[in-house]
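Working through the structure, step by step
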Amino acid sequence: MKRIMLGNEAFARGAWEAGVRVVSSYPGTPSTEVTETLAKCGDEVHVEWSPNEKVGVEVAVGASIGGARALSCMKHVGLNVAADPFFTAAYNGVTGGLVVLVADDNGCHSSQNEQDSRYHGRGAGVPVLEPADPTECKEFMKLAFDMSEKYDTVVLVRSGTRISHSRGIVEEGERVEREVIPYEKNFRKYVAMPAMARVNHVKQEQRLAQIAADAHEIMAGSIPLNKEEMNDPEIGIVTSGICYQYVKEALPDASVFKLGLVNPLPLQDIAAFASKVEKLYVIEEGNPFLEEQIRAAGIPVHGGKDMFTIQGEYSANMLRKGFGVALPDAGIDNTDAPGRPPLLCAGCPHRGLFHVLSKLKTTVMGDIGCYTLAALAPTNAIDSCLCMGGSIGMEHGFEKATGNSKNLVAVLGDSTFIHSGITGLVNMVYNEAKGTVIILDNRITGMTGHQQNPASGKNAKGEIAPALDIATLCRAIGVKNVFEIDPFEIKELEELIKAETERDELSVIITKRPCVMIVKQTEPPQMITDACKNCRQCMKIGCPAIEIKDGRPYIIKESCIGCGLCAKVCPFDAIKKEDK
Amino acid sequence: MEKNILIVGVGGQGTLLASVLLGNLALMKNYDVKLSEVHGMSQRGGDVVTHVKISDTTVASPLIEKGEADIIIAFEKLEAYRWLPYLKKGGAMYVNEQQIMPMPVVLGQVDYPADIDETLAKAAQTLVKFDALALAEEAGSSKAVNVVLLGAASNALPFTEEEWMDVIEKYVKPKFIALNKDAFAKGQAV
Ligand SMILES: Cc1ncc(C[n+]2csc(CCOP(=O)(O)OP(=O)(O)O)c2C)c(N)n1
């Protein structure tokens, strides 16, 4: 049957049809829906959220050694976290097919950088497949499992925002069940010690060479993995992934060499294509990954990164401009629409904490999650944000540099703490830190669309699961001062933060209140009464339900969820609940 | 036949259902279709956009470029204005008059543009601007804004009344089908 599928749903479908049995991932935009879709399958697939990407890949490696087809999905920066097992698994090879899916985010729609994952694939020495539409997402995923087993290698499937989050028509196929391959001990293959690694490294190089040699005949179902499309020979373009679509849109008459395999590069095939066209161009978002290799092989490139940028996303219009093709006729070129930055939701539990931190002018080493939005106006309450779990290390380093931990905190979410904050906290205990760590426990992984995590009490399939008690964990690590508090009790929270940042000992404060997106609204909305003196203290909490109307604050009834934080900050007691 | 439709609004306004309905209509009629949307950060109250490209041949890029949209369906007035440069010369706009102030405007850092109405009128050959929220509420739920807007835009789209009803029946939750059919009719009558 034909269905409209999101790229990520098509990846999931491909893995399912390929007989995947174990999926272990950590959420991250734009990769998350692959695992979410697979979690809706039946018992034929075991799907779990891992605490982080490193564990995700390790579980998948174990599943492959155990003889099953296994998949681990993540966003681009997640592959940094998983790089350690990934690089060595690349030497060892597989038993059951082992695929890692990584989704890049050119344009930083939802990310802290726009790094190019193809380098990880090349660095690790694994084949990298890059689809260009939802049908290819499905077919390349199936091929990835087949190639993994055929060539005894980990395979990296590389996606991106416009591949993962575009929808198109996909023909569904059937699942091919695969028996788990019986386990046979093979320590030379799977024990990565120097003597074995040296041998496995040689094998890895050999299989890459073999794949490059075979590339021209590798098919993903009925789709050639690499494809030469000869048209007008004046312009020849080497491209892959979403850029292929921009090329077809902007330069329909050009000759194109479309790469589905971006590592290893079939350089001989590219050289043959180059010899048939007058001018060769390389069109790729991100770094000059293809271009540099093609140039290094002695193939003349007429235009690449000298024409088009390393930053951001490409588009058909960008190519039209570069090649002197007329642009579509827009009635109006530009408008001065003010920006609409994303915000913490009305009723978000994080708002209470950031109101207090903003008031106390605390220096905040921040982290990654919904709460990073508190860095923007009006709270402006975050000083730094680096990587998942990074707040704790930065807080500690800041303290060691300045010798002062007063009015200084680290702030991170529950999912982020479990992802990679725990080791940072162990470090603080061990190296006798005096700082304060605030863990925002909203019982969910919010930013990426509400996935379960080890502290939320449910697993990836939504079933009841053991819930990690973060306070108990902190005490067990050796933190003596551990507090749990409702972030909407802002008076008590303020006193607590003052006291703990003054204290010459390490403290952990856990703010506990569930995300508003996962609990039903039960409170009536707030309203501003005639007692309002227009002092605008309520505006300082940055709630999207509060606007200015006729020169005064006004609560939008439809947006307000009745959390009452604005009433608590009002010095004139002028905000009341509406009658039910 | 080629139709490029841009659906724009504010995160949380329900732009996604509109694109699901359009995409499946295209599939039912054996057209090629691609849709593109951004998930993640911007869904937290930021500006959101869904691109819908329908063709009786093939669609390559899933993205509509500046000057390529035949139709813009806007769930909010400022968003209509923001995405205006994407409208093709001679294109049509269906705009919900609702205004949701972005935080920089609420905080007084920037002004809400004063000339939105004139600019929209100047740029769009067809401009249908109306209170879709009120019509949705009349039909029974403010959430039906998306279908009201589709009803209004349906006059410029290559699908019959029956096909629209069919797709609503297939992709809307059973207990909301009647409500959405009513919402569609209200939009269509604008
Ligand atoms: C290495 C890495 N993996 C995944 C992500 C994607 N990501 C961004 S924030 C976040 C989780 C946030 O959850 P939590 O810490 O519970 O905070 P909340 O959003 O719920 O406030 C994730 C998974 C990332 N940025 N980096």
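Let us look at the structure shown here. (Residues numbered from 1 in each chain as written. Chains lettered and ligands numbered in written order. Predicted model: local features only at pLDDT ≥ 70, side-chain atom pairs only at ≥ 80, totals over all residues. Heavy atoms only, no water.)

What follows concerns the site of the ligand. All names here are of chain A. Inspection of the region around the ligand gives 26 residues, with Glu53, His350, Asp414, Thr416 and Gly446 positioned closest. Glu53 has a polar side-chain atom sitting 2.6 Å from a nitrogen atom of the ligand. One of the side-chain nitrogen or oxygen atoms of Gln112 is found 3.4 Å away from a nitrogen atom of the ligand. Summarising the interface, the protein chains cover 98% of the accessible area of the ligand, which totals 590 Å² for the free molecule. Looking at the shell around the ligand, the elements that each hand over two or more residues are helix 4 (76-81) and helix 17 (414-430). When residues in the shell around the ligand are grouped by element, the largest group, 4 residues, is from helix 17. Of the residues contributing to the shell around the ligand, the split by class is 10 nonpolar, 13 polar and 3 charged. Here the shell around the ligand spans two domains, and each of domain 1 (2-221) and domain 3 (350-512) adds at least three residues to it. (Near = heavy atom within 4 Å. Polar contact = N/O pair within 3.5 Å; in protein donor to acceptor, adjacent residues only side chain to side chain. Areas by Shrake-Rupley, 256 points an atom, 1.4 Å probe, with all protein chains shown as cover. Helix = DSSP H or I, 4+ residues; strand = E, 2+ residues; numbered from the N terminus. Nonpolar A, V, L, I, M, F, W, Y, C, P; charged D, E, K, R; others polar. Domains from an automatic or database assignment.)

All names here are of chain A. The contact between helix 15 (residues 350-360) and helix 19 (residues 490-502) brings their axes to 10 Å, and the two run at 50°. On the basis of the axis angle, helix 15 is oblique to helix 19. Judged by the sense of rotation from one axis to the other, the crossing of helix 15 with helix 19 is right-handed. Each of Gly352, Leu353, His355, Val356, Leu357, Lys359 and Leu360 in helix 15 lies in contact with helix 19, whose residues at this interface are Ile490, Leu493, Glu494, Ile497 and Lys498. Class assignment of the residues belonging to the contact of helix 15 with helix 19 gives a composition of 7 nonpolar, 2 polar and 3 charged. (Axes fitted to C-alpha atoms, helices over the stretch in contact; angles between N-to-C directions. Parallel < 35°, antiparallel > 145°, perpendicular 65-115°, else oblique. Left-handed = near helix turned anticlockwise from the far one by under 90°. Contact = heavy atoms within 4.5 Å.)

Counting residues at the interface gives 55 residues for chain B, matched by 56 residues for chain A. Around 4600 Å² of area is buried between chain B and chain A when both sides are counted, 60% of it from carbon and sulfur atoms. The interface formed by chain B and chain A includes 6 salt bridges. The partner of Arg320(A) in a salt bridge is Glu68(B), and the shortest N-O contact between them spans 3.1 Å. Applying the counting rule to chain B against chain A returns 18 residue pairs in polar contact (both at pLDDT 80 or more). Of all the secondary structure elements, the ones that give two or more residues to the side of chain B that touches chain A are helix 1 (15-28), strand 2 (32-37), strand 3 (47-55), helix 2 (77-82), strand 5 (87-96), helix 3 (103-106) and helix 4 (116-123) of chain B. No other element matches strand 2 of chain B, which puts 6 residues into the side of chain B that touches chain A. (Buried area = accessible area lost by both parts, 1.4 Å probe. Salt bridge = Lys/Arg side-chain N within 4 Å of Asp/Glu carboxyl O.)

Turning next to the pattern of salt bridges. Tallied over the full model, the rule gives 51 salt bridges over all chains. Between Lys89(B) and Asp329(A) there is a salt bridge whose closest N-O contact spans 4.0 Å. Here Asp329(A) lies in the loop between helix 14 (316-322) and helix 15 and Lys89(B) lies in strand 5, a pairing that spans two chains.

For the rest of this paragraph, the subject is the side chain of Thr50(B). Locating Thr50(B) in the fold gives a position in strand 3. Those residues in contact with Thr50(B) that sit more than four places away from it in its chain are Ile5(B), Leu6(B), Ile7(B), Thr15(B), Ser19(B), Ser36(B) and Glu37(B).

Under the defined criterion, the tally for this structure stands at 10 aromatic pairs over all chains. With centroids separated by 5.1 Å and ring planes inclined at 90°, the aromatic side chains of Tyr119(A) and Phe289(A) adopt a geometry described as edge-to-face. Within this pair, whereas Tyr119(A) is found in helix 6 (residues 118-124), its partner Phe289(A) is found in helix 13 (residues 289-296), the two being separated by 170 residues in sequence. We classify Tyr119(A) as partly exposed; its relative accessible area is 33%. Here Phe159(B) and Trp164(B) contribute two aromatic rings whose centre-to-centre distance is 5.9 Å and whose plane-to-plane angle is 85°, an arrangement assigned as edge-to-face. (Phe/Tyr/Trp six-rings, centres within 6.5 Å; stacked < 30°, edge-to-face > 60°. Buried < 20%, exposed > 50% of the residue type's maximum accessible area, 1.4 Å probe, protein only.)

Residue and element names in this part refer to chain A. Where like charges cluster on the molecular surface, the negative patch consists of Asp232, Glu234, Asp253 and Glu278. With respect to the helices and strands, the residue Asp253 is situated in the loop between helix 11 (241-250) and strand 13 (254-259). Take Asp253: its relative accessible area is 55%, and that puts it in the exposed class. (Patch = residues over 30% accessible without salt bridge, like charges linked within 9 Å, V, L, I, M, F, W, Y side chains within 5 Å. Lys, Arg positive; Asp, Glu negative; His and termini not counted. Charge placed at Lys NZ, Arg CZ, Asp CG, Glu CD.)

This part covers the side chain of Lys189(A). Residue and element names in this part refer to chain A. Following the sequence through the fold, Lys189 ends up in helix 9 (residues 187-190). Taking the relative accessible area as the measure of exposure, Lys189 reaches 13% and is therefore buried. A distance of 2.7 Å separates polar atoms of two side chains, one belonging to Lys189 and the other to Asp152. If we skip the residues at most four places from it in the chain, Lys189 touches Asn92, Gly93, Val94, Asp152 and Asn200.

By themselves, these observations are geometric and do not establish any function.
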